[in-house]
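One letter stands for each residue in the lines below.
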Amino acid sequence: MKVLVIGSGGREHALVAAISASPSCSEVVCAPGNPGVAQLARCIATDGSVDDLERLARREAPDLVVIGPEVPLVGGLADRLRAADIDVFGPGADGAQLEGSKWHAKELLLEAGVATAKAQHFTDFEDARAFVEAVGAPIVVKADGLAAGKGVVVALDVETAVEALREALLDARFGAAGASVVLEECLEGPELSVLALVSGSDIRVLAPARDHKRAHDGDMGPNTGGMGAVCPPADADDDLLELVEREVLRPVVDELVRRGVDYRGVLYAGLMLTADGPSVIEFNVRFGDPEAQVVLPRLRGDVALLLQAAARGELADAPAFEWDDRVAVGVVVAAEGYPLAPRTGDAISLGDVPRDTRDAIVFHSGTTLDADGALRTAGGRVVTVVGFGDDVDSARAAATAAASRVHFDGAWHRSDIGAALMSPALR
Ligand code: AMP
Ligand code: GLY
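Note that the coordinates shown come from a computational prediction; the quantities given were computed from them, not determined experimentally.

Q: It is not clear to me how the sheet that holds strand E11 (residues 202-205) should be interpreted in this structure. Could you clarify?
A: Hydrogen bonds along the backbone pair up the strands of a sheet, which may run parallel or antiparallel. Judged by pairing direction, the sheet is antiparallel, and its four strands sit side by side in the order E11-E10-E16-E17 without closing on themselves. Of all the strands in the sheet, the pair left with one neighbour each is E11 and strand E17 (277-284). Taken over all neighbouring pairs, the strand axes of this sheet differ in orientation by 35° on average, direction set aside. Strand direction decides the pairing type here: strand E16 (residues 264-274) and E17, joined by seven bridges, are antiparallel. The residue of E17 that forms the bridge with glycine 270 is glutamate 282. Most of the contacts of helix H11 (residues 303-311) go to strand E10 (residues 191-199), to which it runs at about 65°, and overall it touches E10 and E16.

Right under this line is the structure:
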């Protein structure tokens with residue numbers, strides 16, 4: 001089959017790698033892709049708009065479209081392609097609202113009886129400020145809509161929370177996405193990302209992963225898009241996964257079905273493992289980045305066929321998932337200044353990093369080719385280096401060794417991805 005992948009990051013590089021290695025796949029194209037993807041697939045330029053993506057998908061006439069990022073999903077690209085009789089992996093705009101509006105997700109979770117942080121919804125700055133002053137800190141301030149991973153502030157004091165409210169509601173820092181905010185109870189515990197393939201009422205849970213969102217070692221520093229991930233984390237056993245499927249994913253999928261939503265794609269539960277059990281802090285409607293870079297390389301078999309089965313609503317008939325026994329640790333090599341003001345344009349040398357061996361793989365995230373064909377940095381997260389090992393420590397050692405061979409001015413990375421988390425009290 002011919003597969004079109006939409007997106008340009010490390011997640012899409014991992015998707016293209018898994019799909020192009022699938023026996024059922026004869027051709028992969030990617031819009032727009034990146035220089036790493038271009039080694040595996042034909043890349044097509046796009047302005048990224050839903051109109052342009054629809055046009056090029058109709059022109060390419062693939063057997064399957066896999067939509068990587070949330071923006072085109074929330075914008076209804078999957079609906080438009082289904083209307084053109086193209087199989088699409090990714091929910092329509094109705095299902096994508098689980099990520100497109102945090103308040104919509106919260107209401108759905110409450111309706112479904114799923115444990116989630118307590119929350120309130122505000123559009124008026126003074127009302128929101130009065131609420132924060134009444135309940136105090138810590139408190140989490142979230143832009144309701146899509147904010148490219150930058151719309152969440154975990155405020156440890158009231159002043160920080162009020163400042164975040166001011167930026168969202170008065171200064172329109174996130175535009176319409178921040179014209180309404182969700183104020184949420186601050187939960188404590190390790191985080192866990194549980195992703196599942198879903199078609200209609202069928203759920204196939206993928207191997208769990210943990211993203212490390214803070215910039216620096218010891219889970220310190222500002223929140224980022226994710227500095228690395230591990231799959232599976234040592235503390236996520238089968239009992240926990242069964243609990244998450246039974247008490248989080250199943251009720252949410254049943255509620256979607258009850259609402260008439262025919263969801264086909266990834267459902268991603270972002271969880272906090274609190275002392276009282278797993279509690280949902282967010283839902284995403286796509287693979288995570290960098291979770292995809294550690295989950296997909298461990299998935300054995302014909303990944304393109306699995307995604308096609310979900311796209312066609314035939315997940316129940318798909319073969320059981322099989323996993324590589326090894327642990328995968330992905331380390332993001334970031335540009336100087338990330339996440340606040342990443343510097344771009346620096347020449348990159350991946351010289352002696354093997355592109356894909358049994359021990360390490362490099363996925364491109366923010367890279368570009370200059371006029372002379374040389375690789376340069378083009379984003380805050382530049383590459384994700386994934387290492388494999390029999391346990392978390394050896395996988396991390398393989399990833400870190402490969403990451404330290406990636407050279408560009410200002411390159412840095414965490415060295416403790418997948419390590420046991422520090423107690424919050426020690427931070
Ligand atoms: P998000 O952009 O929704 O992925 O949130 C970014 C990060 O903010 C999460 O990965 C958590 O580390 C943190 N966060 C979100 N919600 C909460 C919450 N209710 N309590 C504590 N931390 C949270
Ligand atoms: N890794 C978090 C996300 O993709 O949203």
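Q: Would you mind going over the environment of lysine 102 with me for this structure?
A: Tracing the sequence through the fold places lysine 102 in helix H6 (residues 102-112). Residue lysine 102 is classed as partly exposed on the basis of its relative accessible area, which comes to 21%. Distance from lysine 102 to valine 266, taken between C-alpha atoms, is 17 Å for residues 164 residues apart in sequence. Beyond its immediate sequence surroundings of up to four residues, lysine 102 is in contact with Lys142, Ala143, Asp144, Val152, Val182 and Glu282.

Q: Is there a simple way to explain the sheet that holds strand E1 (residues 2-7) in this structure?
A: Read across the open sheet, the five strands follow the order E3-E2-E1-E4-E5; overall the sheet is parallel. Looking at the sheet topology across the chains shown, the edges are occupied by strand E3 (42-43) and strand E5 (87-89). The pairing of E1 with strand E2 (residues 27-32) spans six bridges and is parallel. Note that in E2 the partner of glycine 7 across the bridge is proline 32. Helix-sheet contacts for helix H2 (residues 50-60) involve E1, E2 and E3, and the interaxial angle to E1 is about 165°.

Q: Could you clarify how one ought to interpret the pattern of salt bridges in this entry?
A: Think of it this way: side chains of opposite charge can pair up when their charged atoms draw near. As enumerated under the stated definition, the model contains 34 salt bridges in all. Here glutamate 60 ties to lysine 2 by a salt bridge, and the two come within 2.8 Å at their closest N and O atoms. Here lysine 2 lies in strand E1 and glutamate 60 lies in helix H2, a separation of 58 residues in the sequence. The class for glutamate 60 is buried, based on a relative accessible area of 13%. A single salt-bridge network, built from bridges that share partners, covers Lys2, Glu27, Arg42 and Glu60.

Rules used in this analysis
- Residues numbered from 1 in each chain as written.
- Chains lettered and ligands numbered in written order.
- Predicted model: local features only at pLDDT ≥ 70, side-chain atom pairs only at ≥ 80, totals over all residues.
- Heavy atoms only, no water.
- Pairing = 2+ DSSP bridges.
- Helix = DSSP H or I, 4+ residues; strand = E, 2+ residues; numbered from the N terminus.
- Axes fitted to C-alpha atoms, helices over the stretch in contact; angles between N-to-C directions.
- Contact = heavy atoms within 4.5 Å.
- Buried < 20%, exposed > 50% of the residue type's maximum accessible area, 1.4 Å probe, protein only.
- Salt bridge = Lys/Arg side-chain N within 4 Å of Asp/Glu carboxyl O.

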